[in-house]
Amino acid sequence: NLRCLQPILSYWCQHLYPEDMLRAVDGMPNQAALMDSALLDVACLSQGEFLRTDDISARRLRLPARERGGGLRSHERCVHAAFAATVEHAGTTTW
């Protein structure tokens, strides 16, 4: 199940430089965009292709589950925030 790979990419977003996560190689989309696209494909296969075309459904898919959304976040949009939060956390952790 591809959705099980989402936490792995979230980990990468936290621990790799954003430039590395967002770098496109040989004309291919970057790693975050590839995963976002694959997760959308899985959602469309299980729920319906209307998620690609219906603007309201597409926005609701991105809402957190606590707001009755699909809980599908964009890694491509969150990569800078994820890395910054990890750096900040590492700076405040005492060893």
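Attention in this report is confined to the structure presented alongside it. Just so we're clear, the structure is a prediction, and the values are computed from it rather than from any experiment. (Residues numbered from 1 in each chain as written. Predicted model: local features only at pLDDT ≥ 70, side-chain atom pairs only at ≥ 80, totals over all residues. Heavy atoms only, no water.)

This paragraph deals with helix α1 (residues 6–15). Every buried residue belonging to α1 is among Gln6, Leu9, Ser10 and Cys13, and all of these are buried. Angularly, the buried residues of α1 cover 105° about the axis, an arc narrow enough to put them on a single face. The secondary structure elements touched by the buried residues of α1 are α2 (18–21), α3 (31–47) and α6 (75–92). (Buried < 20%, exposed > 50% of the residue type's maximum accessible area, 1.4 Å probe, protein only. Helix = DSSP H or I, 4+ residues; strand = E, 2+ residues; numbered from the N terminus. Arc of directions from axis to C-beta. Contact = heavy atoms within 4.5 Å.)

Contact geometry of α1 with α6 gives a least axis separation of 7 Å together with a crossing angle of 55°. Classified by the interaxial angle, the pair formed by α1 and α6 is oblique. Note on packing geometry: the crossing formed by α1 with α6 is right-handed. Listed contacts from α6 to Gln6, Leu9, Ser10, Cys13, Gln14 and His15 of α1 are His75, Val79, Ala82, Phe83 and Thr86. (Axes fitted to C-alpha atoms, helices over the stretch in contact; angles between N-to-C directions. Parallel < 35°, antiparallel > 145°, perpendicular 65-115°, else oblique. Left-handed = near helix turned anticlockwise from the far one by under 90°.)

Geometry of an aromatic ring pair is reported as the spacing of the ring centres plus the angle between the planes. Tallying each qualifying case throughout the model produces 1 aromatic pair. Look at tyrosine 17 and phenylalanine 83: their rings are 5.3 Å apart centre to centre, the planes differ by 50°, and that puts the pair in the tilted class. Here tyrosine 17 is found in the loop between α1 and α2, whereas its partner phenylalanine 83 is found in helix α6, with 66 residues between them in sequence. (Phe/Tyr/Trp six-rings, centres within 6.5 Å; stacked < 30°, edge-to-face > 60°.)

The next thing to look at is the pattern of salt bridges. This model, assessed by the stated rule, comprises 4 salt bridges. Measuring nitrogen to oxygen at the nearest pair gives 2.6 Å for the salt bridge that ties arginine 23 to aspartate 20. Here aspartate 55 and arginine 59 are joined by a salt bridge, their closest N and O atoms 3.6 Å apart. With aspartate 55 and arginine 59 both in helix α5 (residues 55–62), this residue pair falls 4 residues apart, about one helical turn. (Salt bridge = Lys/Arg side-chain N within 4 Å of Asp/Glu carboxyl O.)

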